[in-house]
Amino acid sequence: MSKVKKIGIGNDHAAVAMKEQIKEFLEEKGYQVINYGTDTNESCDYPLYGEKVGKAVAEGEVDAGVLICGTGIGISIAANKVKGVRAAVCSEPVTARLTKEHNNANIIAFGARIVGIEMAKAIVTAWLEAEYIGSGRHEARVAMIHEIEK
Ligand code: RB5
C-alpha cells in the first residue's frame, strides 16, 4: 500500500459511536476520512457496509479502510469477498502491525463489542504506522491470495 492519506470507514449499528470516535481520531492525525455509514443505531446489515468500503478500497476511491461491527468479523468477511481486498480483524496492536507487514492488509477491522476505544485507537495506529515488508516470501504469498480470486 502506498502512503495512506484517505481512509474509508464503515460500520453497522453496533459501532456508530466507536466509528465517530475513530473518525475524529484519524482526522486529528491528519487523515481525510470518508464515512460510508451507517450513522444510526437502527439495526442494519453489516455486509452492505463491508461491501461499500471494500469496493471503495479496491477501486482506489480511498487508500485504505476501517470496518467496525459488533465483533469485526462479519463486516470483514463481507469486505474480503471484494476482489483486491485484504481485510484483517484484529483485537490488539501486534496482529494489526503484522497484518500490514506480512499481508499488506488494506482494511483493518475490529469489534466495538470486543475492544474498548483506547484499544481500537492502538490497533488503527499500529496498522497505519507499520510498513509492508514486500519483496520475497510475503509478496509471493500475497500474490497467491489474489490468484485464488481468479
Ligand atoms: C450485529 O448484531 C452483529 O451480528 C454484527 O455487528 C457483527 O458482530 C457480525 O459479525
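What you see is a predicted model, and the numbers here were worked out from it, not measured in a lab.

S.K.: Sorry, what's going on with helix H1 (residues 16-28) here?
M.R.: An α-helical turn contains 3.6 residues, so any two residues separated by three or four positions project in the same direction. Helix length check: H1 (13 residues) gives 18 Å between terminal C-alpha atoms against 18 Å at 1.5 Å per residue, within 8%. Residues of H1 that are buried make contact with strand E1 (6-11), strand E2 (32-35), strand E3 (64-69), strand E5 (107-111) and helix H5 (117-129). Immediately beyond the C-terminal end of H1, within one or two residues, lies Gly30, with a positive phi of roughly 100°.

S.K.: Looking at this structure, how should I read the packing of aromatic side chains?
M.R.: The way to describe two aromatic rings as a pair is by their centre distance and the angle between their planes. Following the criterion strictly, the structure yields 0 aromatic pairs and no others. Seen from the ring of Trp127, Lys100 lies directly overhead, with NZ or CZ sitting 5.4 Å from the centre.

S.K.: Where do I start with the site of the ligand in this structure?
M.R.: What surrounds the ligand is the set Asp12, His13, Ala14, Tyr46, Cys69, Gly70, Thr71, Gly74 and Arg113. Asp12 has a polar side-chain atom sitting 2.5 Å from an oxygen atom of the ligand. Here Gly74 contributes a backbone N or O atom positioned 2.9 Å from an oxygen atom of the ligand. Burial of the ligand by the protein amounts to 72% of the accessible area it has alone, namely 290 Å². Looking at the shell around the ligand, its residues break down into 3 nonpolar, 4 polar and 2 charged.

Here is what the cut-offs are and how they apply
- Residues numbered from 1 in each chain as written.
- Predicted model: local features only at pLDDT ≥ 70, side-chain atom pairs only at ≥ 80, totals over all residues.
- Heavy atoms only, no water.
- Helix = DSSP H or I, 4+ residues; strand = E, 2+ residues; numbered from the N terminus.
- Expected span 1.5 Å × (residues − 1).
- Contact = heavy atoms within 4.5 Å.
- Phe/Tyr/Trp six-rings, centres within 6.5 Å; stacked < 30°, edge-to-face > 60°.
- Lys NZ or Arg CZ within 6 Å of the ring centre and 35° of its normal.
- Near = heavy atom within 4 Å.
- Polar contact = N/O pair within 3.5 Å; in protein donor to acceptor, adjacent residues only side chain to side chain.
- Areas by Shrake-Rupley, 256 points an atom, 1.4 Å probe, with all protein chains shown as cover.
- Nonpolar A, V, L, I, M, F, W, Y, C, P; charged D, E, K, R; others polar.

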